[in-house]
Amino acid sequence: MGHTSLEKIIALQKKPSNIRNICILAHVDHGKTTLADCLVASNGIISTRLAGKLRYLDSREDEQIRGITMKSSAISLHFSTGETEYLVNLIDSPGHVDFSSEVSTAVRLCDGAIVVVDAVEGVCPQTQVVLRQAWLENIRPLLVINKMDRLIVELKLSPLEAYTHLQKILEQVNAVTGTLFASKVLEERAAKDTEEQQPAPGEQVYDWSAGLEETDDSHLYFSPDQGNVAFASAIDGWGFSIRMFAQIYSQKMGIRSELFLKTLWGDFYLNAKAKKIMKGAQSKGKKPLFVQLVLDNIWSLYDAVVTRRDKEKVDKMVTSLGIKVMARDLRHADPKVLLSAICSQWLPLSQTVLSMVCEKLPAPTDIAAERVEALMSVGARRFDSLPEETQQLKKAFLECASEDEAPVIIFVSKMFAVDSRALPENKQRPLTQEELSQRRELARQRHAERQAANQSSESTETAIGGSGQTAVTANDTGPDADALCAQTEALAAKASVEGPRREHFVAFARVYSGVARRGRKVFVLGPKYDPALATLPRGCFPDDAPPSVPHMASCTLERLYLLMGRELEELDEVPAGNVLGIGGMEEFILKSATISTSAACPPFTPLNFEATPIVRVAIEPKHPSEMQKLVQGMRLLNQADPCAEVLIQESGEHVLLTAGEVHLQRCLDDLRERFARIEISVSEPIVPFRETVIRPPKVDMVNEELGRQQKVAVARQAREEQSRYPEGVQVDPSGLVVLTTPNKLATLGVRALPLPDEATRLLEGNAELIRTMEQFNLMAREGRTMEISPKTLEAVRSFRAELASHLQGRRWRDAVDRIWAFGPRRCGPNLLLNSLEGYCRPSVWQCLEAPQGGAGPATPLTLRDLDSSVVSGFQLAALAGPMCEEPLMGVCFAVESWEVRPASRPDRQELGSAARAEEEAEAPAAGGGPGRRRGDAAGSGGGDCYGPLSGQLIAATKEACRYAFQAKSQRLMAAMYTCEIMATAEVLGRVYGVLSKREGRVLSEEMKEGTDMFIITAVLPVAESFGFADEIRKRTSGLASPQLVFSHWEVIPSDPFWVPTTEEEYLHFGEKADSANQALKYVNAVRRRKGLYVEEKLVEHAEKQRTLSKNK
Ligand SMILES: Nc1nc2c(ncn2[C@@H]2O[C@H](COP(=O)(O)OP(=O)(O)OP(=O)(O)O)[C@@H](O)[C@H]2O)c(=O)[nH]1
Ligand SMILES: [Mg+2]
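Since the structure is predicted, the reported quantities are computational estimates derived from the model, not experimental observations.

### Some words on the overall build of the protein chain
Argument step 1. Within the protein chain one finds 34 helices and 34 strands.
Argument step 2. Here the protein chain holds 1112 residues, and the buried ones make up 50% of them.
Argument step 3. Within the protein chain, contacts between residues at least 6 apart in sequence are counted, and of these 74% link residues at least 24 apart.
Argument step 4. A total accessible area of about 53,000 Å² is found for the protein chain, and carbon and sulfur atoms account for 51% of it.

### Quick notes on the site of ligand 1
Argument step 1. Neighbouring ligand 1 are 19 residues, the closest being Lys 32, Thr 33, Thr 34, Thr 69 and Asp 149.
Argument step 2. Lys 147 places a side-chain nitrogen or oxygen 3.0 Å from an oxygen atom of ligand 1.
Argument step 3. Bound to the protein, ligand 1 loses 84% of the 640 Å² it would expose on its own.
Argument step 4. Within the residue set of the shell around ligand 1, elements represented by two or more residues are α2 (32-41) and α6 (148-153).
Argument step 5. Element by element, the count of residues in the shell around ligand 1 is highest for α2, at three residues.
Argument step 6. Classifying every residue of the shell around ligand 1 by side-chain character gives four nonpolar, nine polar and six charged.

### A closer look at the nonpolar core
Argument step 1. Counting residues in each nonpolar core, the largest one holds 154 residues, and the members touching the most others are Ile 582, Leu 656, Phe 893 and Trp 898.
Argument step 2. With residues near it in sequence (within four places) discarded, Leu 656 still touches Val 615, Arg 616, Val 617, Ile 619, Met 634, Leu 637, Ala 644, Glu 645, Val 646, Leu 664, Cys 667 and Leu 668.
Argument step 3. Residues Val 123, Trp 238, Leu 264 and Leu 270 belong to the second largest nonpolar core, which totals 61 residues.

### Focus: the pairing of strand β30 (residues 891-900)
Argument step 1. In terms of burial, β30 is largely enclosed, as seven of its 10 residues are buried.
Argument step 2. The pairing of strand β27 (residues 746-754) with β30 spans nine bridges and is classified as antiparallel. Directly across from Ala 746, in β30, lies its bridge partner Val 900.
Argument step 3. Inspection of the sheet shows strand β29 (residues 830-834) paired to β30 by four bridges, in the parallel sense. Each bridged residue has a counterpart across the sheet, and for Leu 833 the counterpart in β30 is Ala 894.

### Focus: the coordination of the magnesium ion (ligand 2)
Argument step 1. Surrounding the magnesium ion (ligand 2) are the protein donor atoms Thr 33 (OG1) and Thr 69 (OG1), which sit 1.9 Å from the metal. In this pair, Thr 33 is assigned in helix α2 and Thr 69 in the loop between α3 (61-66) and β2 (73-81), connecting sequence segments 36 residues apart. Like Thr 69, Thr 33 is buried.

### Examining the sheet that holds strand β25 (residues 729-731)
Argument step 1. Strand order in the open sheet formed by six strands is β25-β26-β27-β30-β29-β28, with mixed pairing between adjacent strands. This sheet does not close on itself; its edge strands, each paired only once, are β25 and β28 (819-823). Each strand axis lies, on average, 20° off the axis of its neighbour in the sheet, ignoring direction.
Argument step 2. Of the strands in this sheet, β25, β26 (736-740), β27 and β30 are in contact with helix α29 (residues 949-966), which crosses β27 at around 35°.

### A short note on unusual backbone geometry
In terms of backbone geometry, most residues other than glycine have negative phi values and most peptide bonds are trans.
Argument step 1. Following Gly 823, the chain continues into Pro 824 via a peptide bond in cis, with omega recorded as -5°.
Argument step 2. Relative to the elements of secondary structure, Pro 824 occurs in the loop between β28 and β29.
Argument step 3. Phi is positive for Arg 309, which is not a glycine, with a value near 50°.
Argument step 4. Here Arg 309 shows up in the loop between α12 (289-307) and α13 (311-321).
Argument step 5. Accessibility expressed as a relative area gives 51% for Arg 309, which makes it exposed.
Argument step 6. Despite not being glycine, Cys 400 shows a phi value in the positive range, around 55°.
Argument step 7. Position of Cys 400 among the secondary structure elements: in the loop between α18 (388-399) and β10 (409-419).

### Examining the environment of Leu 562
Argument step 1. By the element assignment, Leu 562 lies in strand β15 (residues 559-564).
Argument step 2. Since its relative accessible area comes to 0%, Leu 562 is described here as buried.
Argument step 3. Measuring from C-alpha to C-alpha, the distance between Leu 562 and Glu 573 comes to 9.9 Å, with 11 residues separating the pair along the chain.
Argument step 4. With residues near it in sequence (within four places) discarded, Leu 562 still touches Leu 6, Ile 9, Gln 13, Ser 76, Glu 567, Leu 568, Glu 569 and Leu 571.

### Digging into helix α9 (residues 242-253)
Argument step 1. In this model, α9 (12 residues) spans 16 Å end to end at C-alpha, consistent with the 16 Å of a helix rising 1.5 Å per residue.
Argument step 2. Every buried residue of α9 is accounted for by Ile 242, Met 244, Phe 245, Ala 246, Tyr 249 and Ser 250.
Argument step 3. Buried positions along α9 lie against β7 (238-240), α10 (257-263), α12, α15 (335-346) and α16 (349-360).
Argument step 4. One or two residues past the end of α9 sits Gly 254, with phi positive at roughly 70°.

### Here's the deal with the packing of α13 against α15
Argument step 1. Contact pair α13 / α15: the axes reach a minimum separation of 11 Å and the direction vectors enclose 15°. Relative to α15, the element α13 is oriented roughly parallel. Classified by chirality, the crossing of α15 by α13 is left-handed. Two secondary-structure elements touch here, α13 through Val 314, Val 318 and Leu 321 and α15 through Leu 338, Ile 342 and Trp 346.
Argument step 2. Of the residues contributing to the contact of α13 with α15, the split by class is six nonpolar, no polar and no charged.

### Re the confidence of the model for the protein chain
Argument step 1. Per-residue confidence for the protein chain gives a mean pLDDT of 79; residues scoring 70 or more make up 79%.
Argument step 2. Every residue in residues 490-499 is under pLDDT 50, and counting partners more than four places away or in other chains gives five contacts.
Argument step 3. Confidence drops under a pLDDT of 50 for residues 904-943, and excluding neighbours within four residues, the segment shows 77 contacts in the predicted structure.

### Some details on the packing of helix α30 (residues 988-997) against helix α31 (residues 1028-1035)
Argument step 1. Relative to each other, α30 and α31 sit at 155°, their axes nearing to 9 Å. Between α30 and α31, the angle is such that the two are roughly antiparallel. Our pair here, α30 against α31, has a crossing hand that is right-handed. Judged by residue contacts, Arg 990, Val 991, Val 994, Leu 995 and Lys 997 of α30 engage Phe 1028, Glu 1031, Ile 1032 and Arg 1035 from α31.

### As for the pairing of strand β31 (residues 969-984)
Argument step 1. Along β31, 14 of the 16 residues are buried, which leaves the element largely enclosed by surrounding structure.
Argument step 2. Pairing analysis gives six bridges linking strand β24 (residues 689-694) to β31, with the strands arranged antiparallel. In the strand pairing of β31, Ile 694 is matched with Ser 969.
Argument step 3. Here β31 pairs with strand β34 (residues 1043-1051) via eight bridges, running antiparallel.

### Re the packing of aromatic side chains
Argument step 1. All told, the structure shown has 27 aromatic pairs when counted by the stated rule.
Argument step 2. With 5.8 Å between their ring centres and 40° between their planes, Tyr 163 and Phe 290 make a pair best called tilted. Of this pair, Tyr 163 sits in helix α7 (residues 159-196) while Phe 290 is found in helix α12, placing the two residues 127 residues apart along the sequence.
Argument step 3. Take Phe 290: its relative accessible area is 0%, and that puts it in the buried class.
Argument step 4. Here the aromatic residues Tyr 163, Phe 231, Trp 238, Phe 240, Phe 245, Tyr 249, Phe 260, Trp 265, Phe 290, Tyr 302 and Trp 346 are joined through ring pairs into a cluster of three or more.

### Here we look at the sheet that holds strand β21 (residues 645-648)
Argument step 1. Ordered in space as β21-β22-β20-β23, the four strands form an open sheet in which the pairing is antiparallel. Since the sheet does not close on itself, it has two edges, and those belong to β21 and β23 (680-682), each with one partner. Between one strand axis and the next, the sheet turns by 30° as a mean value, whatever way the strands run.
Argument step 2. Taken together, the three bridges between strand β20 (residues 615-621) and β23 define a ladder with antiparallel strand orientation. Paired with Ile 619 across the bridge in β23 is Val 682.
Argument step 3. On the sheet, helix α21 (residues 627-640) packs against β20, β21, β22 (654-658) and β23 and is oriented at approximately 25° with respect to β22.

Cut-offs and rules
- Residue indices begin from 1 for each chain and proceed along its sequence in written order.
- To read the labels, note that chains go from A and ligands from 1, taken in the order they are written.
- Totals for whole chains, interfaces and linings use every residue, but because this is a predicted model, local features are given only for residues with pLDDT of at least 70 and side-chain atom pairs only at 80 or more, for both listing and counting.
- Side-chain descriptors were evaluated using all non-hydrogen atoms of the structure, hydrogens and water having been removed beforehand.
- The helix and strand labels rest on DSSP assignments: H or I over at least four residues marks a helix, E over at least two residues marks a strand, and numbering proceeds from the N terminus.
- Remark: exposure states derive from per-residue accessible area (1.4 Å probe, protein chains only) relative to the maximum for the residue type, with buried under 20%, exposed over 50%, and partly exposed in between.
- Throughout, a residue-residue contact means that at least one pair of heavy atoms, one from each residue, lies within 4.5 Å.
- In these tables, accessible area is a Shrake-Rupley quantity obtained with a 1.4 Å probe, and a residue counts as shielded only by the protein chains included in the view.
- We call a residue near a given molecule or strand whenever any one of its heavy atoms falls within 4 Å of it.
- Side-chain atoms alone can form a polar contact between residues adjacent in sequence; in general such a contact is a pair of N or O atoms within 3.5 Å, and within protein one must be able to donate a hydrogen while the other accepts it.
- Each residue gets one of three labels, nonpolar for Ala, Val, Leu, Ile, Met, Phe, Trp, Tyr, Cys and Pro, charged for Asp, Glu, Lys and Arg, and polar for the others, Gly among them.
- What we call a nonpolar core is a set of buried Ala, Val, Leu, Ile, Met, Phe, Trp, Tyr and Cys residues that are connected through their side-chain atoms within 4.5 Å.
- At least two bridges found by DSSP between two strands is the condition for calling them paired.
- Shown as donors are all N, O and S atoms within 2.8 Å of a metal ion, widened to 3.2 Å for Na, K and Ca; because water is not in the atom set, sites may appear incomplete.
- Orientation is described by lines fitted to C-alpha atoms, with helices fitted over the stretch in contact, and by angles between N-to-C directions that extend from 0 to 180 degrees.
- To estimate the expected span of a helix, count its residues, drop one, and scale the result by 1.5 Å.
- Note on terminology: angles under 35 degrees are roughly parallel, angles over 145 are roughly antiparallel, angles of 65 to 115 are roughly perpendicular, and the others are oblique.
- Handedness of a helix crossing follows the sense of rotation of the near helix relative to the far helix, less than a right angle counterclockwise being left-handed and clockwise being right-handed.
- Residue-level confidence of the predictor is summarised by pLDDT, bounded by 0 at the bottom and 100 at the top.
- We call Phe, Tyr and Trp rings a pair once their centres come within 6.5 Å, taking the six-membered ring for Trp, and we label the pair stacked below 30 degrees between planes, edge-to-face above 60, and tilted otherwise.

Written as structure tokens, this is what we have:
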């Protein structure tokens, strides 16, 4: 295990104030793993020569082949400065956007982060994301500007240009931090204001700036003089912070090092005559200190070693730096070898980074109270509304105590799979001398016995000269027995290698309080566990065999591991403040969990995942008999990946959801090679769509204005369609659908309206908030209360105000207060609106209102009883639209009339069926073509042959919504990716070519300052994105490699149901217009996949088509 012994690490683990838990974050390929290599090499785990080439923490084969990291992995390093010794638990994270959930799992366990930025590429999209992630988790970042060598060798900047360039990068990074900080201050200020609530009469003007000015934010920004920025070239093994140069020059020039610290970065220059540092380098045209004393030196070293290979100069420099270089390195053909030999002594990277980490980043004991509250507050709950015992646990967090009495609190952020042979307990370790001799002795005995047996049989047969022979064999025993011994050992080794190959799961975790000890009994708390609702006796311990409580299990900590990159080391106990692996938890934990000895411990807030799993495929085994293996394999995969989701659809398909193409590839490889180990067939990626309605368009498919004549034609078409509607459905030209239930007892009038885009976006962005509101309303209906934190209340209030501001105009009057429900799944981006006269029901904004008894007096009771049926019907309609059974988006259904004939007062118990039908609605309903009537949802069971009224009403509402939807201009919405592509001018044309072929749209094109690179920002439909990254890479010979990030949903402008009306259009598009209709293509593809009816003719009028093509 290299230089640092296990004992040493165990000893260091006991001193939390000297522990640093950190992760390395960056955009893809900015050099995280290379930097980690240098740090790992400083502990002797890998050789310094291999550092940067090995990428030790990329332990998977595909990581090495593709050259990108795909999972976060941890390693414990020892570092000492002077007297003090530190333990640095380092987690390397992936930068590729597909794996950003791995970043979340890493960030949660850390107190600090090293943010790496490529000196050429600067701040990239993922850099912003990781800065935000670090910010949201409240951990402190350091900045390492890496790949400095590229400025010298590739861009060939002069030191002064490089200095300006670096300044710009710092500005960019700080701009991101600044935005994050400003939003937080404003939020806090708003929260404070709502708590105070009473503005003084004179304070009419709202001063937004005040909060920003008062709060000190200087420590948040990155600046070399703050000591939180380092400059590095991980590949060449060097790095420095200005502290290092300050020390060197203060000795050399006799100027105080503090003075250098303040002036080495900035507009200062050295007045050589006066031996003084002066301000105003730029205005006086002088070289700034940083250029003169730092960059110039590095540039000239590169010049001498790499560019000119000037041996004499190199010798001189080596002597003046006072370092020793081995002759072998001096003679090496590759100048980079000599360069790293010199640099790693002159400016050792690991020393620079680790000392910065130990000095600037907090220890586990410094955990902020704010962060603890954020981790412990369950959802939107107020911290002070948590049970007393739970609140007391905050102290345990803050103390980070390792006494035996301290409650154990551990958070597991992910589960990772380890081959059973790689577990330390199964690993073959070198035999000790004693064991060897023991085995030898054993073998010798066995051999002797066999000899003896042989002999006795021989002697009985021949019965001559027994003693002499025995002596000879006894002499032979040595070598013979040794061979035998070797054989047994080899066999034993083979057995352990070939032993049953099984995947074991190790929990990636951190101890926040107490000591994790083997054999200790603990509670495992699932994310939905609620200490306030648990009815456990006070002070209940896991040893007491507690009663079963939902989302809680008790188990024993069986195996504890020290995470050492590719290796695991067994431990007996792990004190608070450390990162660790826990084995044997796969039965209890799916992906993440909280482990504690106290039942009062709340589950930690869920991880913030930035990625949306959007790419889905259906999987089946090549050989149908292997289904069981596939099911088992997918279960394991689901557990091993924080972001992948595995679903079994109603149709029986096994579906895998992943964050992107690269992620998909990795999941499939894992499934094939590790988890299922069978051959599988994978469907084409299934792309999600949304269905919506839009305002009547002004132009048609061919961009011709819809004139009066055409409008008449369209209206006629609509009338024709009317005849297609079944009995009991009336559709008026304005789109109002009136529908009566089959038993003729209830009538419902519904109209579909397109929501304004901003409103849809707002609803989509606030799904979590809406869910909280719904939870509150549900509890209120049951007569319970839920305390919502002031922050959440404020968020609800501003959400409501913003929604109101987007729903302006006559049509939307009071719309916000008339919202009946959100859907689908009660939190989606569609609305059900109560446009009934005189029907009062509890508002969806109940949590904002003071509690009040009873609803409006005018409401007929029957309607209130059936309220939830209407909601359920709406949920069903919103979950699967009529075009291709995809969810709706941005549609508002206004219920304009609703009557229930009094003759049929429903039984109160019937309401149960409403709830049941709604549960069924959770899975997308397949089948049923557009315009086809769907059967009763509730089935029979009531007094009449039509079944209970509530059930009929659900079906009727759903149908009414679907017809109302179809009465408007329907459109498909496509999921869009955004991507940023960096490309040089030569390949720009080809990038555009690929983009336009795939229906992409360029949003902007900028020149990256100081380089000859262009940055193109584009959007592109997910449906067209498969193979995009590869194609771009190929067409540009690897110069451009885009990363696709899900951005938004966009309406596809073409009408899927458009049919040509004029001669000309017939000629152009054919009778069905299905040749050019992208939207129709998508709709049909989805319908075909779902096994729905597709209206399509393969060849119509073949004759005519041929003449057409000839004429062209
Ligand atoms: N010129 C130069 N190249 C570097 C430097 N550091 C890393 N690289 C190269 O950049 C590439 C990416 O390095 P990695 O360390 O794998 O990057 P990463 O940030 O871990 O990438 P992901 O984990 O996939 O996000 C490799 O080819 C490295 O050799 C550097 O300081 N200078
Ligand atoms: Mg990496």
